[in-house]
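Report on the structure
Spelled out from the first residue to the last, the chains are:
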Amino acid sequence: MADTSVDQGESSELRMGSLEVRLAETAAEIDWAQALRYRVFYDEMAAIPTDAMKAQLRDFDAFDALCDHLLVIDHARGNGPDMVVGTYRLIRRPVAEKAGCFYSSDEYDISPLLNYPGEVLELGRSCVDAGYRTRGSMQLLWRGIAAYVFQHNIALMFGCASLPGTDPAALAEPLAYLHHHHLAPPELRATALPDRYVSMNLMEKDQIDPRRALNVLPPLIKGYLRLGGFIGDGVVIDHQFNTTDVCIVVKTDLITDKYFKHYERRSRDSQPG
């Protein structure tokens, strides 16, 4: 199993009321995260489970036993499956080497990202229980990611993010907006695999209303863009999950700088006067 330690540092920063964000510490907690993923992806979003997933009511694959699982836990819901109300799957380079690849390599040529110096982190399988999709819950998840990035000296984050539906024409404006305004530079540009590539260049730049396009984008993608994120070239249609996928790439400078300054200030303020 992956290294499940997260330096909690100022642990209060990773808690909010009854909610706490931390890595899964046991096989049972990973199972509870898989149960949440199943409810969100298959029950709510109507993805198509395999027979094995349907039998177990769990979303799982071979990466789960190797990677880290970031959890949002509500201690007010007792000590059991219901306490996991949010999750993110985190795959670092050493884990991908054990698995033989990163998950995203099934959809994108990520070789430019793998050639990036330093540690890289793949984010995926993000989901939050319907009753917890609040600004506070998402902020808590991002604090957990920031702590993980800081602890492991991550230089680059990437992963697939989804827009609902499998008809690119119906998503023409937001996809074209991403293509014209947020396309990754060549040295960081993952490209959809040739047999899965669908162009995002579906409208001319001057035909796009950026405000309208942004409003259509899912909150997760907008969050990545606020961090200075880039988009890979081309989308991939995922019929199992009923989504149109883009590849997100984020250099972590902004995250680590903000996190470092925050904790440096707290450390300094806590010194004896």
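As a reminder, the structure under discussion sits directly above these lines.
The sections below set out a description of the structure shown in this document.

Rules behind the numbers
Residues numbered from 1 in each chain as written. Predicted model: local features only at pLDDT ≥ 70, side-chain atom pairs only at ≥ 80, totals over all residues. Heavy atoms only, no water. Buried < 20%, exposed > 50% of the residue type's maximum accessible area, 1.4 Å probe, protein only. Helix = DSSP H or I, 4+ residues; strand = E, 2+ residues; numbered from the N terminus. 1 Å grid on protein atoms, 1.4 Å probe; cavity = no way out; pocket = protein on both sides within 12 Å on 5 of 7 lines; lining within 4 Å. Points joined across faces, edges and corners; volume = space filled by probe spheres on them. Salt bridge = Lys/Arg side-chain N within 4 Å of Asp/Glu carboxyl O. Lys, Arg positive; Asp, Glu negative; His and termini not counted. Polar contact = N/O pair within 3.5 Å; in protein donor to acceptor, adjacent residues only side chain to side chain. Expected span 1.5 Å × (residues − 1). Contact = heavy atoms within 4.5 Å. Phe/Tyr/Trp six-rings, centres within 6.5 Å; stacked < 30°, edge-to-face > 60°. Lys NZ or Arg CZ within 6 Å of the ring centre and 35° of its normal.

Let us look at helix α8 (residues 219-226). Burial in α8 covers these residues: Ile221, Gly223, Tyr224 and Leu225. After α8 finishes, the residue Gly228 shows a positive phi value of roughly 85 degrees.

A word on empty space enclosed by the protein. Any space left empty among the atoms is revealed by the rolling of a water-sized probe across them. Overall, the coordinates contain 1 cavity of 30 Å³ or more when judged by the stated rule. When its volume is computed, the largest cavity comes out at roughly 40 Å³. In terms of lining, the largest cavity is formed by Leu123, Met157, Phe158, Gly159, Cys160, Ala161, Tyr224, Ile248 and Val250. For the lining of the largest cavity, the secondary-structure elements that each account for two or more residues are β7 (154-164) and β11 (243-251).

The tally for this structure, following the rule as stated, stands at 13 salt bridges. Among the ionic pairs, Arg22 bridges to Glu25, the shortest N-O distance being 3.7 Å. With relative accessibility at 12%, the residue Arg22 sits in the buried group. Bridged by salt links that share partners, the residues Arg37, Asp59, Asp61, Asp64, Arg89 and Arg125 form one connected network.

Before going further, it helps to spend a moment on the side chain of Arg92. Within the fold, Arg92 resides in strand β4 (residues 84-92). Here Arg92 occupies a buried position and makes no salt bridge, while the nearest side chain of opposite charge, Glu119, is found at 4.0 Å. Within the structure, the side chain of Arg92 is placed 3.0 Å from the side chain of Tyr148, a separation counted as a polar contact.

Here helix α1 (residues 27-44) is 18 residues long and its end C-alpha atoms lie 25 Å apart, about the 26 Å a rise of 1.5 Å per residue gives. Of all the residues in α1, the buried ones are Glu29, Ile30, Trp32, Ala33, Gln34, Ala35, Leu36, Arg37, Tyr38, Val40, Phe41 and Tyr42. Where α1 is buried, its residues touch β2 (19-23), α2 (51-56), β3 (68-74), β4 and β6 (119-128). Directly beyond the C-terminal end of α1, a positive phi value near 65 degrees is found at Ala46.

In this section: the packing of aromatic side chains. Taken as a whole and assessed by the stated rule, the structure comprises 7 aromatic pairs. Between the aromatic rings of Phe63 and Tyr103, the centroid separation amounts to 6.0 Å while the plane-to-plane angle is 80 degrees, which identifies the pairing as edge-to-face. Taken together, the residues Phe63 in the loop between α2 and β3 and Tyr103 in the loop between α3 (93-99) and β5 (108-109) connect sequence positions 40 residues apart. Classification of Phe63 by relative accessible area gives buried; the value is 11%. On the accessibility criterion, Tyr103 (30% relative accessible area) is partly exposed. A ring pair is formed by Tyr88 and Trp142, whose centres lie 6.5 Å apart and whose planes are at 65 degrees; its orientation type is edge-to-face. With Tyr88 in strand β4 and Trp142 in helix α5 (residues 135-152), this residue pair connects regions lying 54 residues apart in the sequence. Residue Tyr88 shares its accessibility class with Trp142, and that shared class is buried. Taken together, Tyr38, Phe41, Tyr42 and Phe241 form an aromatic cluster joined through their ring pairs. We note Arg89 situated over the ring of Tyr103; from NZ or CZ to the ring centre the distance is 5.4 Å.

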